[in-house]
Amino acid sequence: MLEVKNIRTGYGGVEVLRGIDLSVASGEIVAVLGANGVGKTTLNKALSGLLSLTSGSIIFDGRELAGSPIAAVEAGLIHVPEGRKIFPNMSVHENLELGSYRRGRAGRARNIERVYETFPKLRQRTTQMAGTLSGGEQQMLAIGRGMMAEPKLLILDEPSLGLSPLLVEEMFDLVKRLNGEGLPIMLVEQNVVQSLEIAHRAYIIENGQVTMSGSAAEISGNPELKRAYLGL
Amino acid sequence: MYSPTILIEAMINGLLTGAIYALIALGLTLVYGVLHIINFAHGAILASAMFAVWGLNVLAGIDPYLSILVVTPIFFGLGYGVQRLVIGPAAKGDDGNILLITLGISIFIENALLAGFGSDTRSISSDFSFSVIEAGPFLISSPRLVGFAGSLVVTALLWFIMSRTDAGKAIRAVAKEKLGASLMGIDVGHVYALTFGLGCAALAVAAGLLMPTFYVNPRVGGAFVNIAFTIVVLGGMGSIPGAMIGGLLIGLVESLSGLLLGESLGQIGIFVIFILVLLLKPTGLFGAKA
Ligand SMILES: Nc1ncnc2c1ncn2[C@@H]1O[C@H](COP(=O)(O)OP(=O)(O)O)[C@@H](O)[C@H]1O
Ligand SMILES: [Mg+2]
C-alpha cells in the first residue's frame, strides 16, 4: 500500500528526517511512535506532499507520489493533521462537504450519512460552527472530514492529543473499528501503550530515524523500549 | 428646518449611492478576508474599469450597462492572472510583501492611465443620465436606481457563490485554515487568484453602474476607496453582509450630513463614523473576533 524509501527532508536546510524507511500493507494499523519533536509530523507532511523531499521516494498504491497535497489526496492518501485544522468559521456539515472537494465528490451525500452514523454526536451539530465544538468533537470532525475523501490510507497525527482519558479510549476504539472495515491506518502517536494495543506493527522514531520496528507484540516486549518509553 | 420630503429624498438618494459604495467595498473586504491584506491597487483597478467602460462607449458605442457583460469577465480574468502570475509568486508567502506589491501595481496602473489618457476628466452622458422617476412626492434618479438594483444583485450572487458552491466554500476555508484546506486537496494558489478575480469583477460591475452619472480620470479611484475602506471597517473586515449594510449606512450618512452641513462637509460624517467605530467597536458590525 505505502512504501517509503530512505526519505530525507527538513526545514530551510535543517534536516529533520534523516533517511526513513517504512511501509504500510493493506488492512494494517501501523503505529509510528516517538517522543515530542522527533519528526513524526514532519514525516506526515512529507507523505502528504506539504513538504518536498531532498531525497528518497514514496510509493503509494503502486505509483510514485508526485509530491503535492493535491496528488496525495487524488491518490487516496488522506492525512488528518495534528491539531485537527478543521474550518472553524464553517458549519460541521460544510466541513464534511469540503472533505470531498478533491476526491469522493460523487459519493458525497452517501458518505456524509456514513460519517453521521459513525459519529452520532456530529449529526446533532450539523449547523454548528466547527470552531465552537469541543476538542473531542473537533477530532471526530477532522477524522470524519478525512473519511469523506474515501481514503485508501488514513494517516492520523496524534488523534488522542488533548483528549480526556475516556475520550482517548473512545478514539482508539474508533481507529480499530475503522480498520476493521478494511481501512489501512498509519497511527502517529506519543501514546505508546494504547497504540501498541491496537496496532499490527510499529516503528519507533528517534531523532529523524527509525530505531526500532517490528510487530506490535515484539515492540511491546522489547526491554529497551520499556525502559525508554514506559519507564519500567 | 428641512421639510420631510427633502429629508426623505436625501435618505433615499443616500441609500442608492451607498449600494454602489458597498459594491466597491465588497471586493476590498473579500480580498482582505482571504489574503489578509488591504489591496492598495483597488482604486486604480476601479479607475481602469471605468476607463474601459468609457472607452467601449466612445469607441464602439456600447451602452455602459451593457458593457458590464464585457468588462466583468475581462477584469475577473485580469485579477485572476495578476494574483496567480505576479502577486502570488512575488509575495513568497509573506503578507507584508503582498501589500507592497499591490501598492506598486496601483502606481503602475495610475501612471499607465495618465500616459494613455492624460489627467483630463471624462464622462459619458446620455438622456438617461438625467432621467428621474417620480415616486409620490419624491424624485429619484433612474441611473442611481439601476445602480442600487445592480449592486444588490451582485451582492446576492456573491453571497450565493460563497455559501452554496464548492468554490465559495473553498475560499472561506482558505481564509481561516490554509493547512487544513491544502490537506483536502484545495489549491490555495487557485483560491487566492479566484478571490482576487472576484474582487476585480465586482469593481468592473461598479464601474458600469457608476459611469452613467459619474466621471473618470486616472485618480478617480482614490475617493471611492477611502469611503470603501471606511465601509469595510464599519461592516467588519472580511464580512460580505457587513460591506452591504456598511455601504448603505455610509451612503445615508454622507447624504444627510451633506444636506445638513453643506455639500463640502458631507464627508465629515463619514470621518466621524470611522473614528467612532475604531473607538467603540474595532471589529465592526459583523466582524469576527481577531
Ligand atoms: N515549520 C517548521 N519550521 C522549522 N522547524 C520545524 C517546523 N516544524 C517542525 N520543526 C522542527 O522539526 C523537528 C521535528 O518536529 P515535528 O515533526 O513536529 O516533531 P513531532 O511531530 O515528532 O513532535 C523539531 O525539531 C521541530 O522544531
Ligand atoms: Mg507532531
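Residues numbered from 1 in each chain as written. Chains lettered and ligands numbered in written order. Predicted model: local features only at pLDDT ≥ 70, side-chain atom pairs only at ≥ 80, totals over all residues. Heavy atoms only, no water.

### Section: the site of ligand 1
Residues and elements named next belong to chain A.
Phase 1: The full set of residues close to ligand 1 is Tyr11, Val16, Ala35, Asn36, Gly37, Val38, Gly39, Lys40, Thr41 and Thr42.
Phase 2: Within the contact set of ligand 1, a nitrogen atom lies 3.4 Å away from a side-chain nitrogen or oxygen of tyrosine 11.
Phase 3: A distance of 2.5 Å separates an oxygen atom of ligand 1 from a polar atom in the side chain of threonine 42.
Phase 4: Starting from 560 Å² of accessible surface for ligand 1 in isolation, the protein chains cover 57%.
Phase 5: Tallying contributions element by element places helix α1 (residues 40-47) first for the shell around ligand 1, with three residues.
Phase 6: Taken together, the residues of the shell around ligand 1 break down into four nonpolar, five polar and one charged. (Near = heavy atom within 4 Å. Polar contact = N/O pair within 3.5 Å; in protein donor to acceptor, adjacent residues only side chain to side chain. Areas by Shrake-Rupley, 256 points an atom, 1.4 Å probe, with all protein chains shown as cover. Helix = DSSP H or I, 4+ residues; strand = E, 2+ residues; numbered from the N terminus. Nonpolar A, V, L, I, M, F, W, Y, C, P; charged D, E, K, R; others polar.)

### Description of the pairing of strand β2 (residues 132-135) of chain B
Residues and elements named next belong to chain B.
Phase 1: Both β2 and strand β3 (residues 138-141) contribute to a ladder of four bridges, which runs antiparallel. When the sheet's bridge partners are listed, isoleucine 133 is paired in β3 with isoleucine 140.
Phase 2: Hairpin connection, β2 to β3: the antiparallel pair is bridged by two residues, and glycine 136 has positive phi, about 60 degrees. (Pairing = 2+ DSSP bridges.)

### Some remarks on a nonpolar patch on the surface
Residues and elements named next belong to chain B.
Phase 1: A contiguous nonpolar patch, built from Tyr2, Ile6, Leu260, Leu261, Leu265, Ile268, Phe271, Val272, Ile275, Leu276, Leu279 and Leu280 and spanning about 1100 Å² of accessible area, is present on the exposed surface.
Phase 2: Those elements giving two or more residues to the nonpolar patch turn out to be α10 (240-261) and α11 (266-280).
Phase 3: With seven residues, the top contributor of residues to the nonpolar patch is α11.
Phase 4: Mapped onto the elements, leucine 265 comes out in the loop between α10 and α11. (Patch = residues over 30% accessible without salt bridge, like charges linked within 9 Å, V, L, I, M, F, W, Y side chains within 5 Å. Salt bridge = Lys/Arg side-chain N within 4 Å of Asp/Glu carboxyl O.)

### Notes on the coordination of the magnesium ion (ligand 2)
Residues and elements named next belong to chain A.
Phase 1: For the magnesium ion (ligand 2), the full set of protein donor atoms is Thr41 (OG1) and Glu82 (OE), at a range of 2.0 to 2.1 Å. A residue pair is termed long-range when its members are at least 10 positions apart, and threonine 41 in helix α1 and glutamate 82 in the loop between β6 (77-80) and α3 (92-99) qualify at 41 residues.
Phase 2: Classification of threonine 41 by relative accessible area gives partly exposed; the value is 25%. (Donors = N, O, S within 2.8 Å, 3.2 Å for Na, K, Ca; no water. Buried < 20%, exposed > 50% of the residue type's maximum accessible area, 1.4 Å probe, protein only.)

### Brief notes about the environment of Gly236(B)
Residue and element names in this part refer to chain B.
Phase 1: Note that glycine 236 resides in the loop between α9 (221-235) and α10.
Phase 2: Here glycine 236 falls in the buried class, since its relative accessible area comes to 1%.
Phase 3: Through-space distance from the C-alpha of glycine 236 to that of glycine 246 is 8.6 Å; in sequence the pair is ten residues apart.
Phase 4: The contact partners of glycine 236, leaving out residues within four places of it in the chain, are Thr29, Thr283, Gly284, Leu285, Phe286 and Gly287. (Contact = heavy atoms within 4.5 Å.)

### Re the nonpolar core
Phase 1: Counting residues in hydrophobic clusters, the biggest one holds 80 residues, and the most contacted among them are Leu23(B), Ile24(B), Ile45(B), Leu46(B), Met50(B), Val174(B) and Ile186(B).
Phase 2: Among the elements that take part in this core, helix α8 (residues 188-210) of chain B stands out by supplying 15 residues, more than any other.
Phase 3: By size, the runner-up hydrophobic cluster in this structure holds 45 residues, among which are Val168(A), Leu174(A), Ile198(A) and Ala202(A). (Core = buried A, V, L, I, M, F, W, Y, C linked by side-chain atoms within 4.5 Å.)

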